[in-house]
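Close look at the chain arrangement
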Amino acid sequence: MELARWPLAPIPANGAGAVVVGIKGERAQLGCPCTLKLWEAQGPRTFTLGNVTFPEGKAKGP
């Protein structure tokens, strides 16, 4: 299972931003609903979301 996220850069402490998370692999491997925890690499901030599910999707060809 591989996790994809955007943006790759941190959101500033006094700023606002959006976070997009996706998975590469079979959704069934996760056992959703899941708990998603986001944290600051070098700081005290954490944010935990419960009951997260990832929608089924079909890979798009080239």
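The structure presented is a predicted model; accordingly, all values stated were derived computationally and were not measured.

Conventions used here
- Residues numbered from 1 in each chain as written.
- Predicted model: local features only at pLDDT ≥ 70, side-chain atom pairs only at ≥ 80, totals over all residues.
- Heavy atoms only, no water.
- Helix = DSSP H or I, 4+ residues; strand = E, 2+ residues; numbered from the N terminus.
- Contact = heavy atoms within 4.5 Å.
- Areas by Shrake-Rupley, 256 points an atom, 1.4 Å probe, with all protein chains shown as cover.
- 1 Å grid on protein atoms, 1.4 Å probe; cavity = no way out; pocket = protein on both sides within 12 Å on 5 of 7 lines; lining within 4 Å.
- Points joined across faces, edges and corners; volume = space filled by probe spheres on them.
- Nonpolar A, V, L, I, M, F, W, Y, C, P; charged D, E, K, R; others polar.
- Pairing = 2+ DSSP bridges.
- pLDDT = per-residue confidence, 0-100.

Counting secondary structure elements, the protein contains zero helices and four strands. Going from N to C terminus, the protein has its helices and strands arranged as β-β-β-β. Of the contacts made within the protein by residues no fewer than 6 positions apart, 22% connect residues no fewer than 24 positions apart. Total accessible area on the protein is roughly 5,600 Å²; 56% of this is exposed by carbon and sulfur atoms.

Before going further, it helps to spend a moment on unusual backbone geometry. Of note, Asn51 is a non-glycine position whose phi angle comes to about 60°, a positive value. With respect to the helices and strands, the residue Asn51 is situated in strand β4 (residues 46–52).

What follows deals with the layout of surface pockets. Each pocket or cavity is described by its volume, and for the largest pocket that value is around 850 Å³. Along the wall of the largest pocket there are 22 residues; nearest its centre are Ile11, Val19, Leu38, Trp39 and Glu40. Looking at the lining of the largest pocket, the elements with two or more residues in it are β1 (2–6), β3 (34–39) and β4. For the lining of the largest pocket, the leading source of residues is β3, giving four residues. Looking at side-chain class alone, the lining of the largest pocket contains 15 nonpolar, three polar and four charged residues.

What follows deals with the pairing of β3. A regular strand carries its side chains on alternate faces of the sheet. Sheet analysis places β3 next to β4, joined by five bridges and oriented antiparallel. Pairing of Trp39 across the sheet is with Thr46, part of β4. Between β3 and β4, which pair antiparallel in sequence order, lie six residues.

For Glu40, the location among the structural elements is in the loop between β3 and β4. C-alpha separation for the pair Glu40 and Ile11, spaced 29 residues apart in sequence, amounts to 9.1 Å.

This part covers the confidence of the model for the protein. For the protein, per-residue confidence averages 77 on the pLDDT scale, and 82% of positions sit at 70 or higher. Taking the mean pLDDT of every element in the protein, the minimum, 77, falls on β1 and the maximum, 89, on β4.

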